[in-house]
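Structural overview
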Amino acid sequence: MNDYQKTSEQILEEQSVDKKIGLSNEEVLKRQERYGLNELREKKKKTLFQMFLSQFNDFLVIILLIAAGISIVLGIIEGEGLVDGLIILAIVILNSVLGVVQEQRASNALAALKKMSSPLAKVIRNGKAVEIKSTELTVGDIVLLETGDYVAADIRLLESTNLRSDESALTGESTPVEKDASITFKDETVLAERENCVYMSTLITYGKGKGIVTSVGMETEIGKIATMLDEVEEGKTPLQKTIDQFAKMLGIICIVVSLVVFGLGLLQGKELFEIFLTAIALAVAAIPEGLTAVITVVLALGMQRMVKRHAIIKNLSTVETLGQATVICSDKTGTLTQNEMTVRKVYDLTNEYDVTGNGYALNGEIQLKGKKSELNPNLTKILEVCLLCNDAKIESADKVLGDPTEGALLVLAAKGGYSLENLDETYPELNEYTFDSTRKMMTSINKVNNENLVLTKGACDQLIKQCNRVLVNGEVKEITKKHIKNILDKNEEYSKNAYRVLGYAYSVTDTPESDDLEKDLIFVGLTAMIDPPRLEAKEAIAKCHHAGIRVMMITGDHLTTAKAIATELNILKPGHIALSGEDTKNMTDEEFEEAILTCDVFARSTPADKIRIVEILQKNGEVVAMTGDGVNDSPALKQAEIGVAMGITGTEVSKEASNMILTDDNFASIVSAVEEGRIIYSNIRKFTIYLVSCNIGEILVILIAMIFSNFFGGYIPLLAIHLLWINLMTDSFPAFALGMEKGEPNIMDQKPRDTKEKILNRPTLIKVIVQGLGLMIAALISFKVGLIMAENGNADLVQARTMIFVTVVFGELFRTYSARSETKFIFQSNPFANKAVNYAVFLSVALIAMLVYVPALANIFSIEALTLEEAIVAISLGFIPMLFGELTKVFKDKIK
C-alpha cells in the first residue's frame, strides 16, 4: 500500500512517531544510517585522462596511429618519413583534445537537481520546532510547512490549512494544487492528483501544513527522475552514426588497397622500405584528415547563427540533427501555452462576453459581439469581486505575485476600466474569509461607495448553494431552479472546453465584522479562464506540418485541457487520438506502442511515460525533438535525439539535461532551428562529397601508378607529405567556405530525410567516384607530362611530382565552384556569390605559390619551382575535375 493510501494515523503508527514530539536525536541517527542522507547521488564521472584515451577508440584514428608509428620508425632508421609521421601524430592528438573539450560539456543535470533541494527545513525534534539542513531530514521526521517554503523531501500531510503547492516543475500542472491532509485514497492515483502529499523541490504557494517524511534522497519522486537521468544513455546522433559508418568503410578501403599495393610491390620486386612508404601514402590518401575539423567548425558557426535565432545549442552535432527531426514532442505548460492564466469568457446571466488580450498584460477589452462593452450592473459587480476579493499583485506584464488565477482576475478588472493602484485606500478592506478547500470560496468585505459589500468568489456548485437571489439585467430576483440550471449548465459547458470556472456573488451588510456573511448572497455571473496558447505557436506548428514534422503534445495536465489547447493549435489531427496516463496504465507494451503511433495528445503523463513514448518513436525510426521546461521533462529531454529546454521558465535541471535552450521560450524558434539544421546538413553533404572525392582520386592515383608501374617509371606520384597538404590545407579552406552556403529557398518544403539515409548513399557515391576519376585523370596526365619532360632533359622526378601536386591543388580549387550546388550548373547562378569561397581559393593559391617558389619550403616538401610552361600545363589540367563535377549534374535524375 502506498503512503497516500494510508491514513495519517496509520503512517504515524508505522513510523513509531508522535507528531507533537517528532524524532529523538538518537532515532534520527539510526534512521540516517538506514535510509542515508537526504541528497541526490551522482554516478562517478570519467577523468580527463579516461576521456582522452576514449578518443583513440576509433577505426580511422587507429589506422593513422599505425601509419604515424611506421613513418617515425622508418624515419629514425632510414632518415625519411619522420616529418610525415610527426604531422600525422600531431593531427591525431589535436582531434583527441577537441573531443575531450566536447565531452566535458556533458550533462550536469544531477548537480542542478541538487540545487533545487531546499537548503533548510523546519522540523519537530525532541518536542521542539527546529531548523535543520535539508540533507539531515530522514524518514519519520515531522516537517512544518508554510507559504514560500520549498519542500525538502516527499511528505504525507498530517494537517493542512488552505494549503496549495506549485508542482508545475514536477508534474506539468499549470496552476497550484490544493492539498488536503484529511483525504485518503483507496486506489492507485497518479502523482498530479495525490492531494494528501507534497514532494521534494515543489513550492508551497499558500497556507500552512504539517507532514511526515515518507521518502528521502534517491527514493523521492525527484530522486527517481535523477535515477532515470543517470540511466539514460545518450545515443549517438544520426550525423555521428553516419560519420562512424563512413569511417569504417574508408578504413576497410584503406586496408584492402594497402594490401593490394603491398602485394603488387612485392611482385614487382620493389624494396620493402619503398613499399612501406607507398602504403603510408595510401593510408593518408584514404583518410580525409580535415573532415572532422571542417564539420566541427561548420557546426560551430551554425551554433553562432542559432543564437541570433534565440536558440543556444549545447553540443555541435545537435545543430545538424535538429534538421532531421521527424517528431517534436512538446510539453504544454509554458511551451505551447504562455503559463499565464487569462480570462477568456465572462457570463453575466444574460450575455456572454469575450475578453481580448493575453497573459498579465493589461491591454485588452471586454467585448460583446466583437465590440467593446459598456459596464452594466452585473459586469460591475463581477469586476468588483475580481478586483477586491483578491490577494495577488501584478508586478509586470509577465509576472504576478501570488496565485496566477487571482492575477488573471486583476487583469480582467483592469480591462474593465478599474485602476489597480491604491486599492486599500480607495476600497478599504473591513474583513476577509480566506479560501479553504472545504468551502471552496473566498470572501472579502470592502467599503465601496459608502456601502459595506460582501464580495465572494468560488466554485460555482458550492457558491450557488449560498445564494438566494440573482442579479439579472440590474434587477435583483429570487433565485429559481431555472436560474440554477442555467448557471450550472454554463459552468459545465466551460469546464468541458478546459476552462477553469469561477462564480461571483455579493451582498450588502451592516455588520462587516461578522463571521457569518457567506449566506443569502446575490449571484451575478461566471468567468472562464485558461492558460492560453502562445500567439506564434499555431503558425509554427503549421510550418512543422508543412515540413513533414509531426507535433505531439505530452503534458502532465488534464486531458480535457490538453485536448482543448491541442485542437486550437491544430495539433490534434483528424483520425488521431488523445490519451491520458490513466488510459494506458493497463495496456500491454504492444497496445501502448500501437496507440502512441496515432496519438497526438498524451495527458497526465509521468516521467516514465515520456521516456517510454520517446523510445517507441525512436524504435519506429523517428528522430525525436523533445521540448519541456520542468524537472519532469528532464529524463525524456536526455533520451531524445534533441532535448529542447525553455530558457526563461525552464528549470536548471531541464536546461542541463537538454541539447538546446530556447532563450525566448518560443515554440516558433524551434522551426527556425529546424531550418538552420537542414541548411547545415545540406552544406555538410556538399563538402563531404568534395573532400571524399579528393580522397578517392588520390587513392586511384597511387593505385593506378602502382598497377601500371612501368608506364610511370616505377615512381610513387605523390608522397605522404603532399597528400597531407592537399587534405589539410588545400581542401579544408574551400570546405569551410562550402559550409557557409546559404540555404535553398525551398528547404522547408521538403520532407525530413530518411533516418537511414547515409551521406555517402548510392547517388552520392556515384558523384564521389566520377569526380575522383576526373581528379585521377588530370593528376596522372600531369605526372606523365612531367616525366616526359624529364626524359627530354627539361625536368626531373621532383619536377614531375611538383606538376601533379599543383594540378591536384588547382583541380580541387576549381572544383569548389562546381561543388556549391549539387543540382545547378555553374552558369545558372553567380559562381562568385559566396565570398567565403572566393577568399578560401585566393588563400589556397597564395599558399601553394609560396610552397613552390620559396626554396626553404619547397625543400621540406620535396618539390621545386615550376617553369611558366610547366605551371600553365599543371594549372590548365586542373579544370578537368571541375568538368567531371558538372557532368554529375547532367545525369542527376538518373543517379538518384
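To keep things clear, this report deals only with the structure shown in the data block. These numbers were taken from a predicted model, which means no experiment stands behind them.

1. Comments concerning the sheet that holds strand β23 (residues 550-554)
- Here eight strands make up an open sheet; going across it, the order is β8-β28-β27-β26-β9-β23-β25-β24 and the pairing mixed. This sheet does not close on itself; its edge strands, each paired only once, are β8 (311-313) and β24 (577-580). Averaged over all adjacent pairs, the angle separating strand axes in this sheet is 20°, with direction ignored.
- With three bridges connecting them, strand β9 (residues 327-330) and strand β26 (residues 624-628) associate as parallel partners. Bridge pairing in β26 places C329 opposite M626.
- Packed onto the sheet, helix α26 (residues 668-707) meets β9, β26, β27 (642-646) and β28 (660-662) and runs at close to 135° relative to β28.

2. Details of the pattern of salt bridges
- For the structure shown, the criterion picks out 34 salt bridges.
- Its salt-bridge partner being E167, residue K179 comes within 2.6 Å of it at the nearest N-O pair. One end of the pair, K179, is in the loop between β5 (177-178) and β6 (197-198); the other, E167, is in the loop between β4 (154-166) and α7 (168-171), and 12 residues separate them in sequence. Residue K179 shares its accessibility class with E167, and that shared class is buried.
- Residues participating in the shared-partner salt-bridge network are R305, R309, E675 and E676.

3. With respect to the pairing of strand β20 (residues 475-478)
- The pairing of strand β19 (residues 467-472) with β20 spans four bridges and is antiparallel. Within β20, the position partnered with V472 by the bridge is E475.

4. A few points about the packing of helix α14 (residues 377-388) against helix α15 (residues 404-415)
- Packing of α14 against α15 brings their axes to within 8 Å, and their N-to-C directions diverge by 135°. As far as their axial angle goes, α15 and α14 are oblique. Our pair here, α14 against α15, has a crossing hand that is left-handed. The segment α14 lies against α15, with L383, C386 and L387 engaging L409, L410, L412 and A413.

5. Notes on the pairing of β27
- Counted residue by residue, β27 has five buried out of five residues, so it is predominantly covered.
- Alternating residues of β27 divide into I642, V644 and M646 and G643 and A645, and every residue in both groups is buried.
- Summarising the sheet, β26 and β27 pair through four bridges and their orientation is parallel. Bridge assignment links M626 to a residue of β27, and that residue is G643.
- Each parallel crossover has a hand, and for β26 linked through helix α24 (residues 634-639) to β27 it is right-handed.
- With three bridges joining them, β27 and β28 adopt parallel strand pairing. Looking at the pairing, V644 lines up with M660 of β28.

6. Re the nonpolar core
- Within the largest apolar cluster, 154 residues are counted, with the highest numbers of intra-cluster contacts made by F523, F667, F687 and F805.
- Residue contributions to this core peak at 23 residues, all from α26.
- When sequence neighbours within four positions are dropped, the list of residues in contact with F805 reads L718, H722, W725, I726, I848, L851 and I863.
- By size, the runner-up hydrophobic cluster in this structure holds 38 residues, among which are L379, V385, V400 and Y504.

7. Remarks on the packing of aromatic side chains
- Considering all chains together, one arrives at 10 aromatic pairs under this definition.
- Here Y4 and F185 contribute two aromatic rings whose centre-to-centre distance is 6.1 Å and whose plane-to-plane angle is 75°, an arrangement assigned as edge-to-face. On the criterion of sequence distance, the pair formed by Y4 in the segment before α1 (8-15) and F185 in the loop between β5 and β6 is long-range, its members being 181 residues apart. An identical accessibility class is assigned to Y4 and F185; each is buried.
- An aromatic cluster is built from F711, F712 and F783, whose rings are joined through pairwise contacts.
- Sitting over the ring of Y506, K381 keeps its end group 5.1 Å from the ring centre.

8. A few points about the packing of helix α29 (residues 762-791) against helix α33 (residues 868-877)
- At a closest axis distance of 9 Å, the pairing of α29 and α33 adopts a crossing angle of 160°. Classified by the angle between their axes, α29 and α33 sit roughly antiparallel to one another. The two elements α29 and α33 meet at a crossing, and its hand is right-handed. Judged by residue contacts, A778, I781, S782, V785 and M789 of α29 engage E869, E870, V873, A874 and L877 from α33.

The rules behind these values
Residues numbered from 1 in each chain as written. Predicted model: local features only at pLDDT ≥ 70, side-chain atom pairs only at ≥ 80, totals over all residues. Heavy atoms only, no water. Pairing = 2+ DSSP bridges. Helix = DSSP H or I, 4+ residues; strand = E, 2+ residues; numbered from the N terminus. Axes fitted to C-alpha atoms, helices over the stretch in contact; angles between N-to-C directions. Contact = heavy atoms within 4.5 Å. Salt bridge = Lys/Arg side-chain N within 4 Å of Asp/Glu carboxyl O. Buried < 20%, exposed > 50% of the residue type's maximum accessible area, 1.4 Å probe, protein only. Parallel < 35°, antiparallel > 145°, perpendicular 65-115°, else oblique. Left-handed = near helix turned anticlockwise from the far one by under 90°. Right-handed = clockwise from strand over helix to strand, strands pointing away. Core = buried A, V, L, I, M, F, W, Y, C linked by side-chain atoms within 4.5 Å. Phe/Tyr/Trp six-rings, centres within 6.5 Å; stacked < 30°, edge-to-face > 60°. Lys NZ or Arg CZ within 6 Å of the ring centre and 35° of its normal.

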